[in-house]
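Per-entry structural report
Each chain is listed here by its residues.
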Amino acid sequence: MVKILKIKESGIKVADICRLYGISEQTFYRWQSKYSGMESGDIKRLKLMEEENR
């Protein structure tokens with residue numbers, strides 16, 4: 001997920017990224033709004049905390 005979001009920073013169009021990874025643009029933008037600026041370790045901790053809160 002982080003890898004996919006970082007590809008956009010290199011200048012590749014979102015539509016091309018989504019086609020390459022088989023995701024919708026809606027999914028890409030949802031991930032971007034939720035995980036932008038995070039590293040993979042941060043996302044793992046966030047998911048762990050979300051699971052604990054359930």
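Residues numbered from 1 in each chain as written. Predicted model: local features only at pLDDT ≥ 70, side-chain atom pairs only at ≥ 80, totals over all residues. Heavy atoms only, no water.

Defined as follows: UniProt positions are given in the numbering used here, feature names are shortened, and annotations may be inferred rather than shown by experiment.
The chain appears in an unreviewed UniProt entry as Transposase from Alteromonas ponticola. Within the UniProt record for the chain, the comment given under Sequence similarities (unreviewed entry) is "Belongs to the transposase 8 family."

1. Let's talk about helix H2 (residues 14-21)
Definition in use: Only protein chains enter the calculation, and the probe is 1.4 Å; a residue is then buried if its accessible area is under 20% of its type maximum, exposed if over 50%, and partly exposed in between. Numbered from the N terminus, helices here are DSSP runs of H or I no shorter than four residues, and strands are runs of E no shorter than two. Regarding the arc, it is the one traced by the directions from the helix axis to the C-beta atoms. Contacts were defined at the residue level, with two residues in contact if any of their heavy atoms lie within 4.5 Å.
Among all positions in H2, only Val-14, Ile-17 and Cys-18 are buried. Burial along H2 is one-sided: seen end-on, the buried residues are contained in an arc of 95 degrees. Exposed residues on H2 whose side chains face more than 90 degrees from its buried face are Arg-19 and Leu-20. Buried residues along H2 sit in contact with helix H1 (2-9) and helix H3 (25-35). Immediately downstream of H2, the backbone of Gly-22 shows phi near 70 degrees, a positive value.

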